[in-house]
Amino acid sequence: MGEITSLFVRKVAAQVDCDDDARSALLRALDLEPDGPVDPSRMVPDAAYYDFLEQAAAIDADGTTLPLRVGASMRCDEYGALGLAWKSAPDLRGSYERAVRYARVLTSVSTYTVEPTDDGARLHLHRDGVRRLGLRLSNEASLASIATISREASTAPLRLRAVHCRHPAPASTAAHEAFFGCSIHFDDVHDALHVTRASLDTPNHLGDAAIAGFFDHHLADAVAQLETAPALEEQVRTHIARALSEGVPTMSDVAKHLGMSGRTLQRRLADRGASFQTLVDEARRQLAERLLRQTGYSLAEVAFMTGFAEQSSFTRAFKRWAGQTPRSYRLQA
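Residues numbered from 1 in each chain as written. Predicted model: local features only at pLDDT ≥ 70, side-chain atom pairs only at ≥ 80, totals over all residues. Heavy atoms only, no water.

## Quick look at the side chain of His 167
Here is the rule we go by: For helices the rule is a DSSP run of H or I covering at least 4 residues; for strands it is a run of E covering at least 2, with both sets numbered from the N terminus onward. In this description, contact between two residues means that some pair of their heavy atoms is separated by no more than 4.5 Å.
By the secondary structure assignment, His 167 is in the loop between strand S5 (160–164) and helix H8 (174–180). Ignoring any residue separated from it by four or fewer positions in sequence, one finds His 167 in contact with Arg 136, Glu 140, Phe 186, Asp 187 and Asp 191.

Printed below as a string of structure tokens:
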């Protein structure tokens, strides 16, 4: 399962036409406090985000235009380092190249490519998944956001030749055409903005090669860290293993160590087809096997170091895991 920055969650919540209690409920369903800080690095599972969008559109007075309003509310600075790199690029062509390279810092489910055309280029949004309403709303909000921050960054009005959407058209497309200022092609083969060459080559207000280079370096490091970061399950198993000598840690203890709530950890593991108890068993087994193979600790000591109060309980658990007793496993190893 993928993840999407909670920045988008908060921007959507701010635009939903509903009372404060309903807005707070939407945020708390994703373990986000209504008055909490906006943190682009805080992620939410993509499936939960699509559920959230569908619920938001259902209670909004005009759900069809909700993604357009969300897009219109976006500002470069809210995207963190990516937003600063976007507006310090020399022109929109450079801004779009940075979206292609660094979008991973905001989402693991969307990528971008730039396709040159005879009269400009198409910035393609790629997002896999079932074409449910939440994904459709997310795609429209993404395209609208790109148009908005393009207008903010450029020294000239943004000129779009067309907008392409893979999903069907809403009952009325007037709001979409007014927002983008061009024709919208629904039921298309891709999701993309077709930008004129003149707009691509127009200088940005704050275009500065040195500043852009600084943020490029920062973002490249951030993407590299994300790509090499261990999977959530491995992070959970590692922390459990380190804590076992003091007893089996609770889910809330592990979640706090990972910077999230217990409910968020439980949901994220479920989204990935895992459970906390399964990971506890895996951590205990892996640690027990390592201790039996590589150390001379007694079986009672191994039992204690893997979180068991009694050696007999450890022996029963190990036979369930490995199909043999700890003593037999050590002798074979």
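Now that the structure has been shown, the text picks up again.
## A closer look at the packing of aromatic side chains
Cut-off, in case you're wondering: Note on aromatic contacts: the rings of Phe and Tyr and the six-membered ring of Trp form a pair at centre separations within 6.5 Å, being stacked when their planes are under 30 degrees apart, edge-to-face when over 60 apart, and tilted otherwise. Per-residue accessibility, obtained with a 1.4 Å probe over protein chains only, is compared with the maximum for each type, and a residue is labelled buried under 20%, exposed over 50%, and partly exposed between these values. Only Lys NZ and Arg CZ are tested; either one counts as a charge over a ring when it is within 6 Å of the ring centre and within 35 degrees of the ring normal.
Throughout the structure, instances matching the rule amount to eleven aromatic pairs. Seen in terms of ring centroids, Phe 308 and Phe 314 are 5.6 Å apart; in terms of plane orientation they differ by 55°. Their pairing is tilted. On the basis of relative accessible area, Phe 314 is assigned to the buried category, the value being 0%. Here a set of aromatic residues connected by ring pairs shows up, and it is made of Phe 308, Phe 314, Phe 318, Trp 321 and Tyr 329. Looking at Arg 151, its charged tip hangs above the ring of Phe 179, at a distance of 5.2 Å from the centre. Its end group placed over the ring of Phe 308, Arg 284 keeps NZ or CZ at 3.8 Å from the ring centre.

## As for the pairing of strand S7 (residues 191–196)
Rules: By definition, two strands form a pair when at least two bridges between them are found by DSSP.
Within S7, six of the six residues are buried, which leaves it mostly tucked inside the rest of the structure. Side chains Asp 191, Leu 193 and Val 195 of S7 all project onto a buried face; the interleaved residues Ala 192, His 194 and Thr 196 project onto the opposite face, where all are buried too. Direction of pairing for strand S4 (residues 120–127) relative to S7: antiparallel, over a ladder of six bridges. Its bridge partner being in S7, Leu 123 is matched across the sheet by Leu 193. Bridge analysis of S5 against S7 gives four bridges, and the strand direction is antiparallel. Its bridge partner being in S7, Val 163 is matched across the sheet by Leu 193.

## Description of the pairing of S5
For clarity, the threshold we go by: With the strands pointing away from the viewer, any crossover whose connection runs clockwise from the first strand over the helix to the second is right-handed.
Taken across its five residues, S5 has four buried, putting it largely inside the fold. Both S5 and strand S6 (residues 183–185) contribute to a ladder of three bridges, which runs parallel. By the bridge assignment for S6, His 164 is matched with His 185. The parallel pair S5 and S6 is bridged by H8, and the resulting crossover is right-handed.

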